Amino acid sequence: MLVEPISDEAPWSDVLHIITCAKCGAEIPAHLAECWGLTREEAQNEWQTAYRR
């Protein structure tokens, strides 16, 4: 699946930032990778239920 990069000027750009894991190469939404307002457990749960199907 090809995903076009999000412009930094887009209103949702902060929400849609992606971080690539240096260890496994997985592309992870930044709000989960950096636990923005989430505990580690909440971020892991959201990753498993919403992104890793």
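Calculation notes
- Within each chain, residues carry numbers counting from 1 in the order of the written sequence.
- Thresholds applied to this predicted model are a pLDDT of at least 70 for local features of residues and 80 or more for the giving and counting of side-chain atom pairs; totals over whole chains, interfaces and linings are not thresholded and use all residues.
- Only hydrogens and water are removed before side-chain values are computed, so all heavy atoms of the structure are retained for them.
- In DSSP terms, a helix is any run of H or I states spanning at least four residues, a strand is any run of E spanning at least two, and both are numbered starting from the N terminus.
- For every residue, the accessible area (1.4 Å probe, protein chains only) is compared with the maximum for its type, and the residue is labelled buried under 20%, exposed over 50%, or partly exposed between those bounds.
- Residue contacts are counted whenever heavy atoms from the two residues lie within 4.5 Å of one another.
- The accessible surface values rely on the Shrake-Rupley method and a 1.4 Å probe; as for residues, cover is taken only from the protein chains in view.
- Only protein atoms enter the 1 Å grid, on which a cavity is a set of points fitting a 1.4 Å probe that cannot get out and a pocket is an open set with protein on both sides within 12 Å along at least 5 of 7 lines, lining residues being those with an atom within 4 Å of a point.
- Grid points are joined across faces, edges and corners, and a volume is the space filled by probe spheres set on the points.
- Pairs of cysteine sulfur atoms within 2.5 Å are identified as disulfides in what follows.
- Working definition of a nonpolar core: buried Ala, Val, Leu, Ile, Met, Phe, Trp, Tyr and Cys residues. They are joined through side-chain atoms within 4.5 Å.

## Concerning the overall build of the protein chain
Counting its regular elements, the protein chain contains two helices and two strands. Written out in order from the N terminus, the α and β elements of the protein chain read β-β-α-α. Counting every position in the protein chain, which comprises 53 residues, the buried fraction comes to 17%. Sequence-distant contacts in the protein chain: of pairs separated by 6 or more residues, those separated by 24 or more amount to 0%. With the model as given, the accessible surface of the protein chain reaches about 4,700 Å², and the carbon-plus-sulfur share is 54%.

## Here's the deal with unusual backbone geometry
A positive phi is found at Cys35, a non-glycine position, where the angle reads about 50 degrees. Within the element layout of this structure, Cys35 appears in the loop between helix H1 (30-33) and helix H2 (40-51). Take Cys35: its relative accessible area is 28%, and that puts it in the partly exposed class.

## A short note on the layout of surface pockets
Of the pockets and cavities examined, the second largest pocket occupies roughly 190 Å³. What lines the second largest pocket is simply Cys24, Ile28, Leu32, Ala33, Cys35, Arg40, Ala43, Gln44, Trp47 and Gln48. It is H2 that provides the largest number of residues to the lining of the second largest pocket, a total of five residues.

## A short note on the state of the cysteines
Enumeration over the complete set of coordinates arrives at zero disulfides. Its sulfur unpaired, Cys24 is 3.6 Å from the next cysteine sulfur, which belongs to Cys21.

## Here we look at the nonpolar core
One finds Ala26, Ile28, Leu32, Ala43 and Trp47 forming the largest nonpolar core, which totals five residues. Those residues within four positions of Leu32 in sequence are excluded, and the remaining contacts are Leu38, Ala43, Glu46, Trp47 and Tyr51.

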